[in-house]
Amino acid sequence: MRGPRRPESAVSTRFAERIAAFRFRDLPPGVVAQAKLIVLDTLGAMLAASAPKYPAGRLVMEFVHRLGGAPESSLVGQGSRSSCVNAALGNATLAYACDLEPHHPGAILHAPAVIVPTSLAVGEMAGADGARCLAAVVLGIEVACRVSYALDPVALYDRGFHPSAICGAFGAAAAAGHLFRLTPQRQAVALGLAMQQASGLLAWAADPTEHSRPLNPGLAARNGTTAAYLARLGFGGPPAPFDGRYDAFTAFSGHANPGALLADWGRRFHLSGVAYKRYASCAFTHPGLDALLGLAADERLGAADIQRIVLRFPKSGAHMIDDHPLRSHCAQYVLPVGLVFGRVGFDDIVVDRSRHPEVARLRAGLSLVHDPDLDAGYPARYTSVVEILTGDGRRLSRRVESAKGTPANPFTPEEIRAKFRRLTAALVPPARAAALLAEVDGLDRAPGLMRLAVLLRARVGAGSRR
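Quick notes on the rules
- Residues numbered from 1 in each chain as written.
- Predicted model: local features only at pLDDT ≥ 70, side-chain atom pairs only at ≥ 80, totals over all residues.
- Heavy atoms only, no water.
- Helix = DSSP H or I, 4+ residues; strand = E, 2+ residues; numbered from the N terminus.
- Buried < 20%, exposed > 50% of the residue type's maximum accessible area, 1.4 Å probe, protein only.
- Polar contact = N/O pair within 3.5 Å; in protein donor to acceptor, adjacent residues only side chain to side chain.
- Contact = heavy atoms within 4.5 Å.
- Pairing = 2+ DSSP bridges.
- Axes fitted to C-alpha atoms, helices over the stretch in contact; angles between N-to-C directions.
- Expected span 1.5 Å × (residues − 1).
- Core = buried A, V, L, I, M, F, W, Y, C linked by side-chain atoms within 4.5 Å.
- Left-handed = near helix turned anticlockwise from the far one by under 90°.
- Nonpolar A, V, L, I, M, F, W, Y, C, P; charged D, E, K, R; others polar.
- Parallel < 35°, antiparallel > 145°, perpendicular 65-115°, else oblique.
- Salt bridge = Lys/Arg side-chain N within 4 Å of Asp/Glu carboxyl O.
- Phe/Tyr/Trp six-rings, centres within 6.5 Å; stacked < 30°, edge-to-face > 60°.
- pLDDT = per-residue confidence, 0-100.

Some details on the side chain of His 329
Here is step 1: Note on placement: His 329 falls in the loop between strand 3 (306-314) and helix 13 (331-341).
Here is step 2: In this structure His 329 comes out as buried when scored by relative accessible area, which is 3%.
Here is step 3: At 2.8 Å, the side chain of His 329 and the side chain of Ser 328 are in polar contact.
Here is step 4: Apart from residues no more than four positions distant in its own chain, His 329 is found in contact with Tyr 96, Asp 99, Trp 204, Arg 213, Cys 282, Met 320, Ile 321 and His 324.

Observations regarding the sheet that holds strand 5 (residues 384-390)
Here is step 1: Here we have four strands laid out as an open sheet, ordered 4-3-5-6, and mixed in their pairing. Every other strand in the sheet has two partners, leaving strand 4 (366-371) and strand 6 (395-400) as the edge strands with one partner each. Along the sheet, successive strands turn relative to each other by an average axial angle of 15°, direction set aside.
Here is step 2: As paired elements, strand 3 and strand 5 share six bridges and run antiparallel to each other.

Re the pairing of strand 3
Here is step 1: In this structure, strand 3 lies alongside strand 4, joined through six bridges in parallel fashion. Considered in strand 4, the bridge of Phe 313 is made with His 370.

Observations concerning helix 2 (residues 29-49)
Here is step 1: Over its 21 residues, helix 2 runs 31 Å from end to end, which matches the ideal 30 Å to within 8%, given 1.5 Å per residue.
Here is step 2: For helix 2, the tally of buried residues reaches 18 of 21 residues, placing the bulk of the element in the interior.

Details of the nonpolar core
Here is step 1: The biggest cluster of nonpolar side chains holds 161 residues, and the ones touching the most others in it are Phe 15 and Leu 43.
Here is step 2: Leaving out residues up to four positions away in the same chain, Phe 15 has contacts with Val 143, Arg 146, Val 147, Leu 191, Phe 242, Leu 261, Leu 262 and Trp 265.

Side note on the packing of helix 16 (residues 413-424) against helix 17 (residues 430-441)
Here is step 1: Where helix 16 meets helix 17, the axes come as close as 11 Å, and the angle between the chain directions of the two elements is 145°. By crossing handedness, the relation of helix 16 to helix 17 is classed as right-handed. Contact residues: helix 16 offers Arg 417, Phe 420, Arg 421 and Thr 424, while helix 17 offers Ala 433, Leu 436, Leu 437 and Asp 441.
Here is step 2: Classifying every residue of the contact of helix 16 with helix 17 by side-chain character gives four nonpolar, one polar and three charged.

Side note on the packing of helix 1 (residues 10-20) against helix 9 (residues 184-197)
Here is step 1: Between helix 1 and helix 9, the least distance of the axes is 8 Å, while the angle of their chain directions is 115°. Considering their axes alone, helix 1 and helix 9 lie roughly perpendicular with respect to each other. Of the two possible hands of crossing, helix 1 and helix 9 adopt the one that is right-handed. In this structure, helix 1 uses Phe 15, Ala 16, Glu 17, Ile 19 and Ala 20 to contact helix 9, whose residues at the interface are Pro 184, Gln 187, Ala 188 and Leu 191.

Details of the side chain of Asp 41
Here is step 1: Counting through the fold element by element, Asp 41 comes out in helix 2.
Here is step 2: The exposure class assigned to Asp 41 is buried, which follows from its relative accessible area of 1%.
Here is step 3: Engagement of the side chain of Asp 41 in a polar contact is seen with the side chain of Lys 419, the distance being 3.2 Å.
Here is step 4: Those residues within four positions of Asp 41 in sequence are excluded, and the remaining contacts are Leu 100, Glu 101, Pro 102, Tyr 276, Ile 416 and Lys 419.

Some remarks on the pattern of salt bridges
Here is step 1: The full count for this structure, using the stated rule, is 28 salt bridges.
Here is step 2: Residues Arg 398 and Asp 298 are paired through a salt bridge, measuring 2.8 Å at the closest nitrogen-oxygen approach. One end of the pair, Arg 398, is in strand 6; the other, Asp 298, is in helix 12 (residues 286-299), with 100 residues separating them in the sequence.
Here is step 3: A salt bridge links Arg 312 to Glu 387; its shortest N-O distance comes to 3.0 Å. Placement of the pair is Arg 312 in strand 3 and Glu 387 in strand 5, with a sequence separation of 75 residues.
Here is step 4: Overall, the relative accessible area of 25% leaves Arg 312 in the partly exposed class.
Here is step 5: By relative accessible area, Glu 387 is classed as partly exposed at 26%.

Re the packing of aromatic side chains
Here is step 1: Applying the stated rule across the entire model yields twelve aromatic pairs.
Here is step 2: Measuring from centroid to centroid gives 6.4 Å for Phe 22 and Trp 265, while their planes differ by 80°, and the two rings are edge-to-face. Note that Phe 22 is positioned in the loop between helix 1 and helix 2 and Trp 265 in the loop between helix 11 (248-252) and helix 12, a separation of 243 residues in sequence.
Here is step 3: Consider the rings of Phe 242 and Phe 249, whose centres lie 5.9 Å apart with planes at 55°: the pair is tilted. Both residues of the pair, Phe 242 and Phe 249, belong to the buried class.

Some words on the environment of Leu 202
Here is step 1: Looking at the secondary structure, you find Leu 202 in the loop between helix 9 and helix 10 (212-232).
Here is step 2: Leu 202 sits in the buried class, given a relative accessible area of 12%.
Here is step 3: Residues Leu 202 and Arg 213, spaced eleven residues apart in sequence, show a C-alpha to C-alpha distance of 8.0 Å.
Here is step 4: Dropping the residues within four chain positions of it, Leu 202 is found in contact with Tyr 157, Gly 160, Phe 161 and His 162.

Concerning the confidence of the model for the chain
Here is step 1: Averaged over all residues, the pLDDT of the chain equals 95, while 97% of them reach at least 70.
Here is step 2: Under a pLDDT of 50 for its full length, residues 1-8 has, in the predicted model, 21 contacts with residues more than four places off or in other chains.
Here is step 3: Counting contacts from residues 462-466, a segment whose pLDDT is below 50, to residues more than four positions away or on other chains yields nine contacts.

In structure tokens:
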């Protein structure tokens, strides 16, 4: 819980100073390479979600078009541009719509869904080169993760806040502030204005359309961009969001770990903790899916061979996937779909597979155990144990500490590129996909973002329409 009151503006000032001093030249080559893969994976998710058949992306882009605004920044897959604030809103909503973009397990945060669209929108508007845009991506993810650890993401969840939305707003303010070249004093104000706007609840869990779920990163990107833009213009704001009587700790979590904002700055990058997604579902379901599908493959079992499934999951996070009303977050839906169809794509979330007889049977026979013995590694790891009973009476079990795609069980760079090609195959001609891959691969050497922006805003192919 909260410790002694800290000196006014001490932590906030030092945090803003470090953000303002952040430079691309200080990034190790491995961090730059990882940042490019994160950008690529996020762009694949954004392009996939721009297909007109997905209503969340279609409707938010209709909203952005109706708002109008100066044509400053590209709208992914729309063939048009809008203001950088509107583009950040629309594109960040796309980034989380398919639930396929990178995320940070320990911070329980979809930081790239907020930061990549923000950096591209503001970078295009500001005329930034590729290296500066990549630095903004690294910085924004770093700040969002540090704020999440400082507030305690589990405490945020307990209060009904969505860390991606709350902490993402601070990250977006840092990324946009870097691209706007804010001074430390102006960056401190941008963080204060981000705190004033930060919003986004887990109430989307009651929204069966799943429209408000991806809107949360959109709000974070919009709010953080707005905060930095206002600070750039000289607008005033609270300069010490992590200190004083009305600080972010008091407002959002009731927990205060301000040391997480500054510890090992420049020596350790939270980018290294980012995970890539194999399935279009809540990351909490991924170790269980890996265990179930791996066990079925090794034992040569089909769905019809399995009578009952037990999923054991850390007690602290089980409520987010235990009979959750949203298909993307419901273990009792996701695991049977994965077993029956051999995959969980976003179409399996948009289209209700519950009436498939095998999915319905397996769902009825799946129980989720809130297991406190698995809490030790949570939230850094979502350790899961799957136990199955086969039709011939065998009892089989498999434990997965870390899902495929996490830092402990990573994808190779080529697997990430293959995922991008797979996500965009029905939407983007092969030549354009190859050009996007090349553009992202050379982003640190690009004199500007125009070529990438043109490739991204081109309308998606007719193959996406059904």
